[in-house]
Every structure is written in structure tokens, then in C-alpha cells.
Amino acid sequence: MQKGKMQYAMAGVQMQPAMVMNVRSNVRVPDAEAGCDAYESRTPYRAEQAPPAARPQPSLPYRVAIPFLLVLFLAFFWMTADKLIQRSQLSGNIDAMESSIKVLTAENMVLTEQVKANRDQARIGYLAQQMRLISSDGVETVMVIAPDTRPQEAQMTVTGISPLPDGQGMISGSR
């Protein structure tokens, strides 16, 4: 046995005929593996060196997409800010309405108490005497007949006046 060479028996895949291998041009096989003693009996292959890739320039869709996304983001931000401003204004309006409702509720309570106090019959009688009002309980209703000075067509359209056979209207009143 020679130093540096390994002996091995062919088995498995090695028993089949050699396969054709395609190697891409960007594959680099380092010299250390290709030139070591264990691989001396094999033919070393080197891939062609590809030139370093240039930095890719953004294509037209990227040049259009970036400003479009920026405008879209600004529009979204503007709409969101507008909604927040509207909400704060509505909140202020609601607070003003609630305070107005509280004031009106308090005023309504005061007026309700005044109505309850003034609804008493004794109070109503006292106020009527102060205003020199007289009771209408003992007064008779008297019918007053006056001559009708309106044309016949107007009598039919005016409510509250019923025509009499002699052309006089009927008006009721109290004495």
C-alpha cells in the first residue's frame, strides 16, 4: 500500500457506469479539495469564474411603486387624522349637549315644582281674586242674533256661523 493513496473496493453506485455531471459556471471548487492526495486519481474540475454581479438597478415598477406607496401612506395618514379630528369635534358637541341637557333637566324640575304648587285649587282661587276675576258658575249663556252682512258664498266657508233662514247669523256669548 502506498502512502497517501487509499484503496477501496467498488460498491453500490460506483459499480454503475459513470454519470455525466453538469456544473454551473458559478460553482467554485476550492483547490484544497481538488488537489489533495485522496483525490489524485480523480480528474479535478474547475468552474469558470463568473464576473462579479453588478448591483441590480431598480426596474421601472420599483421607481413607480415607491412614490405610489408613499402617496398611499400619506393619504391613509391624512384620512386617519381627519377622522380623529371629527371624533374629537363630535365628542365636544356631545359634551356640550349633555351639559345643556343637565341644565334643562334642573330647570324642568324647578318648573314642575312650580306647576305642582300652582295647581292647588286654593292657590288658583286666591290668584283669581287678586286679578279680580269672577266665577262663571252662575252666569247664563245668552244667544245674540246679529244681521248677516256677508255674501251667501262666504257664509258656507266660514266656520262658527250657521246661516238662519231669515239671513241672520247666530253668535253665542255670555253676559
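Definitions and cut-offs
Residues numbered from 1 in each chain as written. Predicted model: local features only at pLDDT ≥ 70, side-chain atom pairs only at ≥ 80, totals over all residues. Heavy atoms only, no water. Helix = DSSP H or I, 4+ residues; strand = E, 2+ residues; numbered from the N terminus. Contact = heavy atoms within 4.5 Å. Areas by Shrake-Rupley, 256 points an atom, 1.4 Å probe, with all protein chains shown as cover. Buried < 20%, exposed > 50% of the residue type's maximum accessible area, 1.4 Å probe, protein only. pLDDT = per-residue confidence, 0-100. Patch = residues over 30% accessible without salt bridge, like charges linked within 9 Å, V, L, I, M, F, W, Y side chains within 5 Å. Salt bridge = Lys/Arg side-chain N within 4 Å of Asp/Glu carboxyl O.

(A) Summary view of the overall build of the chain. For the chain, the helix and strand inventory stands at four helices and two strands. Start at the N end of the chain and walk to the C end: the helices and strands fall as α-α-α-β-α-β. Within the chain, contacts between residues separated by at least 24 positions form 37% of all contacts whose residues are at least 6 apart in sequence. When the accessible surface of the chain is totalled, it reaches about 17,100 Å², and 61% of it is carbon and sulfur.

(B) Unusual backbone geometry, seen in detail. One non-glycine residue, Arg132, adopts positive backbone phi at about 60°. Following the sequence through the fold, Arg132 ends up in the loop between α3 (121-130) and β1 (141-147). The class for Arg132 is exposed, based on a relative accessible area of 76%.

(C) Structural context of the confidence of the model for the chain. Taken as a whole, the chain shows an average pLDDT of 75; of its residues, 60% reach a score of 70 or greater. Mean pLDDT values for the elements of the chain range from 47 in strand β2 (residues 168-174) up to 93 in helix α2 (residues 60-118).

(D) Structural detail: a nonpolar patch on the surface. Together, Leu70, Phe73, Leu74 and Phe77 give the surface a local cluster of nonpolar side chains, amounting to about 460 Å² of exposed area. Tracing the chain through its elements places Leu74 in helix α2. Taking relative accessible area as the criterion, Leu74 reaches 47% and is therefore assigned partly exposed.

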